[in-house]
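Chain residues, written in single-letter form:
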Amino acid sequence: MQNEKDLFNMLKEMYPQHPRKDFVSTTENTLRQRARSMGKKRIITKFSVITSGVLVCAFIFSWLLFFNENGKVSEVIHSVGGTSSSYAMDEKEPVVYIYHSHNIESFIPELPEQKTNQMVNSQTKNVTLIGKELSSKLKEMQINSIHDETDIAGILKRKGLYFPDSYKVSRENLQKVLAENDSIRMVFDIHRDSTKRRESTIEIKGKEYARIKFVVSKTSGNYETNKRFATQLHEQLEELYPGLSIGVIEKGINPQNTYNQELHDNSVLLEMGGIENTLEEMYRTTDIFAQVLEDILEKSK
């Protein structure tokens with residue numbers, strides 16, 4: 001099979017790019033006469049004639065560029081920032097935002113050196129891993145999300161702020177993301193509860209799962225809508241695995257805290273498991289929760 005280079009060489013031989021001298025001479029005289037008749041003062045000193053062969057080459061080149069061997073129009077590719085993408089591709093916008101106001105909350109089983117009477121925190125094995133698992137599971141389901149792994153605890157320390165200021169710090173990123181992505185339909189601030197294992201764990205079909213609690217602020221301007229959303233999550237989770245959800249808990253009165261839920265209609269604080277749960281137990285619950293989100297998003301289309 002002939003390649004593109006062979007085709008171009010063949011066309012050059014069939015349609016030489018150097019015209020006959022008499023053709024050039026005749027054409028030049030014609031142009032001079034037309035120039036004089038138009039009152040032009042310029043003198044044509046040299047003239048190159050582009051033959052029909054060149055036009056044919058250009059046509060063949062365009063045909064090879066835009067059409068594939070089956071005669072179908074090829075995808076137009078462009079490069080942005082060093083990566084290629086297709087105009088024919090409809091990139092999905094993020095619909096779920098995941099963040100952690102208390103990002104270093106951790107679990108005793110994952111920290112062998114941790115004493116039970118100390119604050120169960122870790123810079124590495126913490127609740128951000130739960131958010132990462134949820135984001136990854138949603139991606140497998142073709143659901144685009146934004147997982148914010150900002151080190152809120154680190155910012156508090158650098159700025160000399162106190163623990164209750166965590167929600168003020170996480171609020172800044174949340175506001176920015178919502179302003180830049182009006183496609184966001186769900187917002188989850190994932191925490192770890194402080195309850196003991198007997199309250200935070202349930203056995204289902206021979207496997208242990210970390211239970212989940214949906215927290216809604218009563219002082220938020222979106223209290224009613226957020227509560228309806230949290231109730232929907234709880235009920236659908238109950239249909240799949242009864243007892244996995246602890247239920248919808250209302251807080252935020254004393255001390256007063258909106259948990260930033262006034263910024264979005266479908267905003268819920270999740271408390272996943274407790275200090276005595278393992279990451280594996282957390283991941284099992286997270287994967288089921290992702291199925292619930294997929295079902296809700298699918299039904300809302």
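Structural notes, computed from the coordinates. Everything numeric here is computed off the predicted structure, so don't read it as measured data. (Residues numbered from 1 in each chain as written. Predicted model: local features only at pLDDT ≥ 70, side-chain atom pairs only at ≥ 80, totals over all residues. Heavy atoms only, no water.)

## Quick notes on the packing of aromatic side chains
Logical step 1: Per the counting criterion, the structure on display carries 6 aromatic pairs.
Logical step 2: Aromatic side chains F214 and F289 sit 6.1 Å apart centroid to centroid with 40° between the ring planes, which places their arrangement in the tilted category. With F214 in strand β8 (residues 212–217) and F289 in helix α9 (residues 279–299), the pair connects residues that are 75 residues apart, well separated along the chain. Each member of the pair, F214 as well as F289, carries the same accessibility label: buried.
Logical step 3: An aromatic cluster is built from F188, F214, F229 and F289, whose rings are joined through pairwise contacts. (Phe/Tyr/Trp six-rings, centres within 6.5 Å; stacked < 30°, edge-to-face > 60°. Helix = DSSP H or I, 4+ residues; strand = E, 2+ residues; numbered from the N terminus. Buried < 20%, exposed > 50% of the residue type's maximum accessible area, 1.4 Å probe, protein only.)

## What to know about helix α4 (residues 128–140)
Logical step 1: Over its 13 residues, α4 runs 19 Å from end to end, which matches the ideal 18 Å to within 8%, given 1.5 Å per residue.
Logical step 2: What α4 keeps buried is the set T128, I130, G131, L134, S135 and L138. Summarising the axial view, the buried residues of α4 lie within an arc of 155°, below the 170-degree limit, and thus occupy one face. α4 presents K132, K139 and E140 as exposed residues on the side facing more than 90 degrees away from its buried surface. (Expected span 1.5 Å × (residues − 1). Arc of directions from axis to C-beta.)

## Focus on the pairing of strand β6 (residues 201–204)
Logical step 1: Across 4 bridges, the pairing between β6 and strand β7 (residues 207–210) is antiparallel. Counterpart to I202 in the pairing with β7 is Y209.
Logical step 2: Between β6 and β7, which pair antiparallel in sequence order, lie 2 residues; one of them, K205, sits at a positive phi of approximately 55°. (Pairing = 2+ DSSP bridges.)

## A short note on the pattern of salt bridges
Logical step 1: Enumeration according to the criterion identifies 13 salt bridges in this entry.
Logical step 2: The partner of K137 in a salt bridge is E140, and the shortest N-O contact between them spans 3.5 Å. Of this pair, K137 and E140 both sit in helix α4, 3 residues apart, which is roughly one turn of the helix.
Logical step 3: Taking the relative accessible area as the measure of exposure, K137 reaches 23% and is therefore partly exposed.
Logical step 4: Note that R171 and E262 form a salt bridge whose closest N and O atoms lie 2.7 Å from each other. Residue R171 is located in helix α6 (residues 166–180), and its partner E262 is located in the loop between β9 (245–251) and β10 (267–272); the two are separated by 91 residues in the primary sequence. (Salt bridge = Lys/Arg side-chain N within 4 Å of Asp/Glu carboxyl O.)

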